[in-house]
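Structure at a glance
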Amino acid sequence: MNKEKLLYENSKHALQSDNIIAITNRHLCSRPFMEQLERVCKLHPHAIVLREKDMPEAEYLSLARDVIALCKKYDVQCMLHSFINVAMELEHPYIHLPLPILEAYVKKIVSGNISTGMSKSTDNYQQFFKVIGTSVHSVEDAIKAEQLGATYMTAGHIFATDCKKGLPPRGLDFLKNVCDAVEIPVYAIGGINIASNDNSTAYDAMPHISVPRLADVMECGATGGCIMSGMMRI
C-alpha cells in the first residue's frame, strides 16, 4: 500500500466523529476539489463548511449545488458560508456566517428592510435556517452570537497556525472562557491538525493517525474542533 493510501485508510478510523468539522479551502488541494471533498465525506465528519468565500456568488451557487448533493450522498451536513442568498435560492437551511454578517443580517430582518424570499412564507430567518454557525474571537463575541440566534460557533484561533501567521494564538484558557459563557456548542479552530502519535504531520504515512489536540479542546468544554489544512490534503 502506498503512503497516500495508508494515510487515507488510517485516517478513516480516527476521524469518524461528531467532534470534527471540516473547513474547505480549494487553494490547498492537490486534487480536483470535488474529488477531495468526496474523500472528506467518506470520513464522515460532523459537517463540511463550504468556505469558498472569495468566489463570485454565481460561481459559489453552482459549486454549492454540487457539494450539497455530494454531502447528501454520504449523509454529511453541508454548511454554506457567507452567501445567504445562495442558501435561500437553494432552500438549504444550513449556514455559517461571520459574526458581523450575522449581526447585520439580523438587524435588517428585525427592521423589516429585507425579505428572505423564502417559498415557506416566512421572513423569520431562525424559522428557515435549522443550523446557524458563526465565528467568535472573544467572550463578548460568543455571548452576542448566542443572543443573535447562532446554534453553534467556532472559537479561535486556539493554537498557532500557518493560516494566522504572526498572530499569537488565544489559547485554551480563552476557549474555556468562551465555553463557560454560552450554552450552544463551541468548536475550537486554529492549529488542530491530523497527526501521528509521534507528532509528525498527517502528510507522512504513519500507522496511527489521530487528532491529538482534540482531547485538549474538549476538556475545556468544546464540542470538538475544526480542521482545514489536514482535510484538504488527506
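Rules used throughout
- The residue numbering used here restarts from 1 in each chain and proceeds along that chain's sequence as written.
- Selection of residues for local features in this predicted model requires a pLDDT of at least 70, selection of side-chain atom pairs for listing and counting requires 80 or more, and totals for whole chains, interfaces and linings are taken over all residues.
- Note: side-chain values were computed over all heavy atoms of the structure, leaving out hydrogens and water.
- A run of DSSP states H or I qualifies as a helix once it reaches four residues; a run of E qualifies as a strand once it reaches two. Both are numbered from the N-terminal end.
- The buried label applies to any residue whose accessible area, calculated with a 1.4 Å probe on protein chains only, is under 20% of its type's maximum; exposed applies above 50%, and partly exposed to all values in between.
- Reported accessibility uses the Shrake-Rupley method at a 1.4 Å probe radius. Residues are deemed covered only where the shown protein chains occlude them.
- By salt bridge we mean one thing: a side-chain nitrogen of Lys or Arg within 4 Å of a carboxyl oxygen of Asp or Glu.
- The contact rule is simple, with two residues in contact once any of their heavy atoms fall within 4.5 Å.
- By this definition, two strands are paired if DSSP reports at least two bridges between them.
- Convention adopted: a line fitted to C-alpha atoms gives each axis, helices being fitted over their contacting stretch, and angles between N-to-C directions are expressed from 0 to 180 degrees.
- By disulfide we mean two sulfur atoms from cysteines, separated by a distance within 2.5 Å.
- In this analysis, the expected span of each helix is defined as 1.5 Å times one less than the number of residues it contains.
- Ring pairs are drawn from Phe, Tyr and Trp, using the six-membered ring of Trp, whenever the two centres fall within 6.5 Å, and their geometry is named by plane angle: stacked under 30 degrees, edge-to-face over 60, tilted for the rest.
- A ring has a charge above it when a Lys NZ or an Arg CZ is no more than 6 Å from the ring centre and no more than 35 degrees off the ring normal.
- Note on angle classes: values under 35 degrees are labelled roughly parallel, values over 145 roughly antiparallel, values of 65 to 115 roughly perpendicular, and the remainder oblique.
- Less than a right angle of anticlockwise turn of the near helix away from the far helix marks a crossing as left-handed, whereas a clockwise turn marks it as right-handed.
- The residue classification treats Ala, Val, Leu, Ile, Met, Phe, Trp, Tyr, Cys and Pro as nonpolar and Asp, Glu, Lys and Arg as charged. All others, Gly included, are polar.

Each helix and strand counted, the chain has 10 helices and 10 strands in total. In the chain, which comprises 234 residues, the share counted as buried stands at 51%. Counting every atom, the chain has about 11300 Å² of accessible surface; 48% of that belongs to carbon and sulfur.

Per the stated rule, a full pass over the model turns up seven salt bridges. Because the salt bridges share partners, they merge into one network encompassing Arg26, Glu52 and Asp54.

A separate point is the environment of leucine 37. Mapped onto the fold, leucine 37 is located in helix 2 (residues 33–41). Look at leucine 37 and you get buried, because its relative accessible area is 1%. For the pair leucine 37 and methionine 231, spaced 194 residues apart in sequence, the C-alpha separation works out to 8.4 Å. Not counting chain neighbours up to four residues away, the residues in contact with leucine 37 comprise Thr24, Ile48, Val67, Leu70 and Met232.

Before going further, it helps to spend a moment on the sheet that holds strand 7 (residues 186–189). In space, the eight strands of this closed barrel follow the order 1-2-3-4-5-6-7-10, with parallel pairing throughout. Strand-to-strand twist in this sheet, taken as the mean axis angle between neighbours without regard to direction, amounts to 25°. Note: strand 6 (residues 152–156) against strand 7, four bridges, orientation parallel. When the bridges of strand 7 are listed, threonine 154 appears paired with tyrosine 187. The strands that helix 7 (residues 139–147) touches are strand 5 (131–136) and strand 6; relative to strand 5, the one it contacts most, it runs at about 165°.

Covalent bonding between the sulfur atoms of two cysteines defines a disulfide. Using the criterion set out here, one finds zero disulfides in the structure. Cysteine 71 takes part in no disulfide bond, and the closest cysteine sulfur, belonging to cysteine 41, lies 4.1 Å away. Residue classification places cysteine 71 among the buried residues on the basis of a relative accessible area of 1%. Distance from the sulfur of cysteine 220, which forms no disulfide, to the nearest cysteine sulfur (cysteine 179) is 6.8 Å.

Over its 17 residues, helix 3 (residues 57–73) extends 24 Å from the first C-alpha to the last, a length consistent with the 24 Å expected when each residue adds 1.5 Å. Restricting attention to buried positions, one finds in helix 3 the residues Tyr60, Leu61, Leu63, Ala64, Val67, Ile68, Leu70 and Cys71. Taken together, the buried residues of helix 3 touch helix 2, strand 2 (47–50), strand 3 (77–81) and helix 4 (84–89). Downstream of helix 3 by a residue or two, aspartate 75 has a phi angle that is positive, lying close to 55°.

Let us now look at the packing of aromatic side chains. Following the criterion strictly, the structure yields three aromatic pairs and no others. When the ring of phenylalanine 128 is compared with that of phenylalanine 129, the centres are 4.6 Å apart and the planes differ by 50°; the resulting orientation is tilted. Taken individually, phenylalanine 128 and phenylalanine 129 each receive the classification buried, so the pair is uniform in this respect. Over the face of the ring belonging to phenylalanine 174 we find arginine 170, whose NZ or CZ atom lies 5.9 Å from the ring centre. The ring centre of phenylalanine 159 lies 4.3 Å from the NZ or CZ of arginine 213, which sits over that ring.

If you trace the backbone, lysine 164 turns up in the loop between strand 6 and helix 8 (171–181). Lysine 164 sits in the partly exposed class, given a relative accessible area of 38%. Linking lysine 164 and glycine 191, residues 27 residues apart in sequence, is a C-alpha distance of 9.3 Å.

Across the interface, helix 2 lies against helix 3 with an axial gap of 10 Å and an inter-helix angle of 30°. The angle between helix 2 and helix 3 places the two elements in the roughly parallel class. As for how helix 2 packs across helix 3, the hand of that crossing is right-handed. On helix 3, the residues touching Phe33, Met34, Leu37, Glu38 and Cys41 of helix 2 are Leu63, Asp66, Val67, Leu70, Cys71 and Lys73. Residues that form the contact of helix 2 with helix 3 fall into these classes: eight nonpolar, no polar and three charged.

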